[in-house]
2 protein chains.
Amino acid sequence: MQGPLEGIKVLDLTRVLAGPFSCMLMGDMGAEVVKVERSGRGDDVRDVAPQVGGESLYFLVMNRNKLGVTINFRHPRGPALLRDLVRHADVLVENFRAGTMEKMGCGYDVLKAINPRLIMVSISGFGQDGPYSNLACYDVIAQAMSGLMEMTGPPDGPPTMAGSFVVDYSTALYAVIGTLAALRAREHTGIGQRVDVALLDTAVSYLITAIPEYLLLGRKMTRRGNRDRYAAPVNLFRAKDGGWVYLAAGNDSLFPQLVKVMGQEEVLQDPRFATLDARMAHIEEGEALLAKWVENKTADEVVHLVREAGLPCAKVASIDEVVANPQIRHRGMIAEIEHPTAGRVPMQGLNIHFSHTPKQIRRPPPLLGQHNEEIYGRWLGLSVKEVAHLKSEGVI
Amino acid sequence: MQGPLEGIKVLDLTRVLAGPFSCMLMGDMGAEVVKVERSGRGDDVRDVAPQVGGESLYFLVMNRNKLGVTINFRHPRGPALLRDLVRHADVLVENFRAGTMEKMGCGYDVLKAINPRLIMVSISGFGQDGPYSNLACYDVIAQAMSGLMEMTGPPDGPPTMAGSFVVDYSTALYAVIGTLAALRAREHTGIGQRVDVALLDTAVSYLITAIPEYLLLGRKMTRRGNRDRYAAPVNLFRAKDGGWVYLAAGNDSLFPQLVKVMGQEEVLQDPRFATLDARMAHIEEGEALLAKWVENKTADEVVHLVREAGLPCAKVASIDEVVANPQIRHRGMIAEIEHPTAGRVPMQGLNIHFSHTPKQIRRPPPLLGQHNEEIYGRWLGLSVKEVAHLKSEGVI
């Protein structure tokens, strides 16, 4: 098999991040993914800077391993063409606002009548129902409304968003899980179903113990900089060369080992550090010990000493250090595509490793409508001439 | 079906977060998940504060919909008992350090000889191979080494971790995707395989355009507070009541609409704000306009006005506001379990919505070894007396 999902056909109607990333993962795992873009402009992020060779890097990193076709959804025959494709698909993924597919005559009720085996996956900000289902949403809005922003950043500073679109990415992963689970159910039931995932739901699922801590104990989880919530001392410390080092010596096994590395075993006699509870009650003092030890060494010296002892630690890496990291390189997490106009483009690799059905980058992201002839021919049986006619009529 | 994964048997040998959360999701979707804990202490987080009714909230929110058995892995007959369970399992998930399963005589080569249909999923910090594969790793270490921390926080402050263990959670999701994809491949090949996911790989997969921006353009993506990377003005603004409001008016469609809501359409004549490029070049000035408008209103007033116009915005919610949010409630994202010692425990709900195979909370997290009799009886055919004997011998 060219991947564990070989033979699955996916229609990707999505734009920007969560939807495109979910469909790309399915493509990475061997599915045939056809990205269906509005004719003319295509995916919103095709325009986003920075660009290389006339292509948006944002678009490129979200759309490898896909074929590309166009449809003019506003043309009277556009939605009908989409419904024709649906007859041949296992999965359709869309991330329009709730209700948009229905307005196009492509709601789930219509599509399942055409193809009862179809799995229709809807990705949205707030979900397909409920009082907010029609509101606009982005990743950071979900971070804000879920409490994740309130929990991120320094205690004396403003709420802070995560530096990447972690809710978008995570929602993409939930969408893939929903798709694969529904495919598995179809093996038993013979029929497809609707899968509904939402950015806000995703963010709420990531709140660790915040919900029961508040509702049972009345405690409001909030931001605490780089301190751990459940153990101490665990924080970021600044080395003499300006580098930041993360040290985690929170539990009763790690703390004694770290102070040994520091040559300060006498600290273990100090009741302020004898137990986790005591260390949590004396966080400042415990951190001060580590800070003082780190500030006289370079970040690399600290990392070397702590790692030698088998203890967890890391230097905060900037992107030049990330791409040079030997483990990241070894795992193939810096991959390359060869694109017809942008040339060789490095990007994140394929990060689920399968022993028997290896994944691979088989093709670069599509140009807008690049595979109209191939897909409308192979899936629908249209001739080159018929596809050209659709084009001249403005349907694709 | 009681969920799309009904009939799948999962052995969960994992501890703490990424592993337990991945297996819980499979349980949420209807799989029979048996959590196998070391006898005596069990999962490391059973001890973590805060506790309710003698149970750790951390443990409770990661382990619903599982049955629990114990094994003493250090007893000579412990690993053999695990191998007996493996004969009856579809999936085994473990998150020991690389090499630990092999040392127990339960490496993949051994297990696949016992059960060729087994899917063995290994979750680790750095993966099963490579120069760092034996190093200790936690969520925040992966955030640090991947560049995510460097990208999070204010430009003039230290690197900042996300306020939740987003890499752990996301790795859990990749593990579930790998499991389900391997189950799908097994339908075709008849055999299982090894799936290998790692925290560092996960974090690198979330870097948006950082890799090509650096390698192709020499730009180092770093932190920018709450500003968007690709559009402006987009940021957090403080209202007169101290609340923080996130406003996203970055693109050429949203910006004119927002200034209209603000009653400042004359701004559209200003060349500094006429295009996205111009707004990116004048971020401070654009943000100042919004800040001034927000500072004279309460956060709720701002949200009301902006939402009425159909534009994206959100107040940064604290956890009391999160649990009261009508959309979060409507979607069932605050769920409850009924636990024998902790009582009713609210927690995050089930956040993939399936139209035909609804998920449900069927059981609370297990007490340590609670289902020894049931599982060793039902899976292995052992009598109550035989299970009692294993217990008295110290094998379980």
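Parameters and conventions
Residues numbered from 1 in each chain as written. Chains lettered and ligands numbered in written order. Predicted model: local features only at pLDDT ≥ 70, side-chain atom pairs only at ≥ 80, totals over all residues. Helix = DSSP H or I, 4+ residues; strand = E, 2+ residues; numbered from the N terminus. Buried ≥ 20, exposed ≤ 12 C-beta atoms within 10 Å, placed from the backbone. Contact = placed C-beta atoms within 7 Å. Domains from an automatic or database assignment. Pairing = 2+ DSSP bridges. Axes fitted to C-alpha atoms, helices over the stretch in contact; angles between N-to-C directions. pLDDT = per-residue confidence, 0-100. Nonpolar A, V, L, I, M, F, W, Y, C, P; charged D, E, K, R; others polar. Least-squares fit on C-alpha atoms with pLDDT ≥ 70 in both. Parallel < 35°, antiparallel > 145°, perpendicular 65-115°, else oblique. Left-handed = near helix turned anticlockwise from the far one by under 90°. Core = buried A, V, L, I, M, F, W, Y, C linked by C-beta atoms within 7 Å. Right-handed = clockwise from strand over helix to strand, strands pointing away. Expected span 1.5 Å × (residues − 1). Arc of directions from axis to C-beta.

Draft legend 1. The arrangement of the overall build of chain A in detail. A count of helical and extended segments in chain A gives 17 helices and 14 strands. When the backbone C-alpha atoms are referred to their principal axes, chain A occupies close to 85 × 50 × 40 Å. Here chain A holds 396 residues, and the buried ones make up 55% of them. For chain A, the share of sequence-separated contacts (at least 6 apart) that also reach a separation of at least 24 residues comes to 68%.

Draft legend 2. Structural view of the domain arrangement of chain A. Taken as a whole, chain A is organised into domain 1 (9-205 + 327-393) and domain 2 (234-238 + 244-315). Distance between the C-alpha centres of domain 1 of chain A and domain 2 of chain A: 44 Å.

Draft legend 3. Inspection of the sheet that holds strand β7 (residues 119-124) of chain A at higher detail. Ordered by their spatial adjacency, 7 strands build an open sheet running β5(A)-β2(A)-β1(A)-β6(A)-β7(A)-β8(A)-β14(B), and the pairing between neighbours is mixed. At either end of the open sheet lies a strand with only one pairing partner, and these are β5 (67-71) of chain A together with β14 (353-354) of chain B. Inspection of the sheet shows strand β2 (residues 32-38) of chain A paired to β5 of chain A by 5 bridges, in the parallel sense. For E37 of chain A, the partnering residue across the bridge sits in β5 of chain A and is T70 of chain A. The strands touched by helix α1 (residues 18-28) of chain A are β1 (9-12), β2, β6 (91-94) and β7 of chain A; relative to β1 of chain A, the strand with the most contacts, the crossing angle is about 160°. Against the sheet, helix α3 (residues 78-86) of chain A makes contact with β1, β2, β5 and β6 of chain A, and its axis sits at roughly 145° relative to β5 of chain A, the strand it touches most.

Draft legend 4. Quick peek at the confidence of the model for chain A. With 100% of its residues at a pLDDT of at least 70, chain A reaches an overall mean of 96. Scoring of the predicted complex yields 0.98 for pTM and 0.98 for ipTM.

Draft legend 5. Inspection of unusual backbone geometry at higher detail. All names here are of chain A. Here the amide bond leading from A49 into P50 is cis, since omega sits at -5°, within 30 degrees of zero. Even without being glycine, N65 reaches a positive phi, approximately 60°. Residue position: N65 is located in the loop between α2 (57-62) and β5.

Draft legend 6. Structural context of the interface of chain B and chain A. Counting residues at the interface gives 123 residues for chain B, matched by 123 residues for chain A. Looking at side-chain class alone, the side of chain B that touches chain A contains 80 nonpolar, 30 polar and 13 charged residues. Across 2 bridges, strand β14 (residues 353-354) of chain A lies against strand β8 (residues 194-198) of chain B in antiparallel orientation. Across the sheet, the residue bridging to H353 of chain A is D196 of chain B, located in β8 of chain B.

Draft legend 7. Region of the structure containing the relation of the copies chain B and chain A. Superposing chain B onto chain A takes a rotation of 180° combined with a translation of 0.0 Å along the rotation axis, leaving an RMSD of 0.0 Å. The operation mapping one copy onto its partner corresponds to a two-fold rotation axis. When you check the interface residues of chain B against chain A, 100% turn up at the interface there too, and the contact is symmetric in its surfaces.

Draft legend 8. The packing of helix α7 (residues 166-189) of chain A against helix α7 (residues 166-189) of chain B, seen in detail. Taken N-terminus to C-terminus, the directions of α7 of chain A and α7 of chain B make an angle of 25°; their axes are 9 Å apart at the nearest point. As summarised for this structure, α7 of chain A and α7 of chain B are arranged roughly parallel, according to the angle between their axes. When the axes of α7 of chain A and α7 of chain B are compared, the crossing they make is left-handed. For the pair α7 of chain A and α7 of chain B, contact is made by V166, Y169, S170, L173, Y174, V176, I177, L180, A181, L183, R184 and E187 of chain A and by V166, Y169, S170, L173, Y174, V176, I177, L180, A181, L183, R184 and E187 of chain B, respectively. For the contact of α7 of chain A with α7 of chain B, the class distribution of residues is 18 nonpolar, 2 polar and 4 charged.

Draft legend 9. Representation of the nonpolar core in the model. Of all hydrophobic cores here, the largest spans 255 residues; its most connected members are V10, I177 and Y246 of chain A together with V10, I177 and Y246 of chain B. With residues near it in sequence (within four places) discarded, I177 of chain A still touches L25, L173, V176, I177, L180 and I352 of chain B.

Draft legend 10. Inspection of helix α6 (residues 139-146) of chain A at higher detail. Within α6 of chain A, 8 of the 8 residues are buried, leaving the element largely enclosed by the surrounding structure. For α6 of chain A, the full list of buried residues reads D139, V140, I141, A142, Q143, A144, M145 and S146 of chain A. Contacts from the buried residues of α6 of chain A go to α7 and α8 (199-204) of chain A together with β10 (244-248), β11 (313-315) and α14 (319-324) of chain B. Taken from the residues just after α6 of chain A, G147 of chain A is the one with a positive phi, measuring 100°.

Draft legend 11. Representation of the pairing of strand β1 (residues 9-12) of chain B in the model. Residue and element names in this part refer to chain B. Note: β1 against strand β2 (residues 32-38), 4 bridges, orientation parallel. Bridge pairing links D12 to K35 in β2. Crossover connection from β1 via helix α1 (residues 18-28) to parallel β2: handedness right-handed. As paired elements, β1 and strand β6 (residues 91-94) share 3 bridges and run parallel to each other. Residue pairing for β6: L11 is matched across the bridge by L92.

Draft legend 12. Main features of helix α12 (residues 283-294) of chain B. Residues and elements named next belong to chain B. Look at α12: 17 Å from first C-alpha to last across 12 residues, which is about the 16 Å you get at 1.5 Å a residue. Taken residue by residue, α12 has G286, E287, L290 and V294 as its buried positions. For α12, the arc enclosing every buried residue in end-on projection is 95°, short of the 170-degree limit, so these residues lie on one face. Within α12, the exposed residues directed more than 90 degrees away from the buried face are E284, A288 and K292. Of the surrounding elements, those touching the buried residues of α12 are β9 (234-238), β10, α11 (276-281) and α13 (299-308).

Draft legend 13. Quick look at the environment of T202 of chain B. Position of T202 of chain B among the secondary structure elements: in helix α8 (residues 199-204). The exposure class of T202 of chain B is buried, given the 30 C-beta atoms found within 10 Å. The sequence separation of T202 of chain B and L390 of chain B amounts to 188 residues, and the corresponding C-alpha distance is 40 Å. For T202 of chain B, the contacting residues outside a window of four places in its chain are N351 of chain A together with A142, V167, S170, T171, Y174 and V197 of chain B.

Draft legend 14. Representation of the packing of α1 of chain B against α7 of chain B within the structure. Residue and element names in this part refer to chain B. Here α1 crosses α7 at 50°, and the two axes come no closer than 8 Å. Regarding the angle of α1 to α7, the classification is oblique. Where α1 crosses over α7, the handedness of that crossing is right-handed. Between α1 and α7, the contacting residues are A18, F21, S22, L25 and M26 on the first element and D168, Y169, T171, A172, A175, V176 and T179 on the second.

Draft legend 15. Molecular detail of the environment of R307 of chain A. Mapped onto the secondary structure, R307 of chain A falls in helix α13 (residues 299-308). Since 16 C-beta atoms lie within 10 Å of it, R307 of chain A is described here as partly exposed. When sequence neighbours within four positions are dropped, the list of residues in contact with R307 of chain A reads C313 of chain A together with L135 of chain B.

Draft legend 16. Examining the pairing of β10 of chain B more closely. Residue and element names in this part refer to chain B. In terms of burial, β10 is a largely internal element, 5 of the 5 residues being buried. Judged from the 5 bridges that link them, β9 and β10 form a sheet pairing that is antiparallel. Looking across to β10, one finds that R238 is bridged to W244. Connecting β9 to the next strand, β10, in antiparallel fashion are 5 residues, including G242 with a positive phi near 90°. Both β10 and β11 contribute to a ladder of 3 bridges, which runs antiparallel. Paired with Y246 across the strands is A314, a residue of β11.

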